[in-house]
Amino acid sequence: NQSRNRGSKPDLKNQPEYRFLEKNALTITKENYNEYLKKLKEYSRKIRPSNNNSKGVSTSQIRNVFGEVKKIQEKAAKNSNGDDQVFPLQKLRTRFAYIYGRNKNNNELTNLMDLLDKLADKVKTNEQVVRFYELIEGIVCYLKYYGDKN
């Protein structure tokens, strides 16, 4: 029964890693960087593909978004005090919605798209664009660390 399986999965939005990343990913400092890495690693572990009937997130599913964010981040890094790359990043929110809609039966992937959408909505500076990119890059890295096959 799909609805029973979906209901038995823990809601990732209530997990401490999700809440920490939602609150802090755009404002990471050297003082909270180690805690950020711990939460990022644990969040990535929870969204990875596994053998417990969860689909999980593979790097191939987020590769295009990662590439788009990387291009925006490269421009933002050249003008970290500005805000000229905020709008290009915010325009990716429709892509997050599309991926979410195409994968409604993948709790982990829809959770990640929801997190990215919430964070993109909060981005106001190029420095935060860079932090947003670093979050996605970290997730990709930890998915590979945990043995992503894609």
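Computed from a predicted model, the values in this text were never measured in an experiment. (Residues numbered from 1 in each chain as written. Predicted model: local features only at pLDDT ≥ 70, side-chain atom pairs only at ≥ 80, totals over all residues. Heavy atoms only, no water.)

1. Examining the packing of aromatic side chains
- Across all of its chains, the model carries 6 aromatic pairs by this definition.
- Look at Y33 and Y36: their rings are 5.8 Å apart centre to centre, the planes differ by 40°, and that puts the pair in the tilted class. One end of the pair, Y33, and the other, Y36, are both in helix α3 (residues 33–47), 3 residues apart, so they sit about a helical turn from each other.
- On the basis of relative accessible area, Y33 is assigned to the partly exposed category, the value being 40%.
- On the basis of relative accessibility, which here comes to 4%, the residue Y36 falls in the buried class.
- Each member of the aromatic cluster is reached from another via a ring pair, and the members are Y142, Y145 and Y146.
- Sitting over the ring of Y146, R48 keeps its end group 5.4 Å from the ring centre. (Phe/Tyr/Trp six-rings, centres within 6.5 Å; stacked < 30°, edge-to-face > 60°. Helix = DSSP H or I, 4+ residues; strand = E, 2+ residues; numbered from the N terminus. Buried < 20%, exposed > 50% of the residue type's maximum accessible area, 1.4 Å probe, protein only. Lys NZ or Arg CZ within 6 Å of the ring centre and 35° of its normal.)

2. Side note on the environment of R63
- The topology assignment puts R63 in helix α4 (residues 59–78).
- Residue R63 is classed as partly exposed on the basis of its relative accessible area, which comes to 47%.
- Distance in space between the C-alpha atoms of R63 and I136 is 9.9 Å, their sequence separation being 73 residues.

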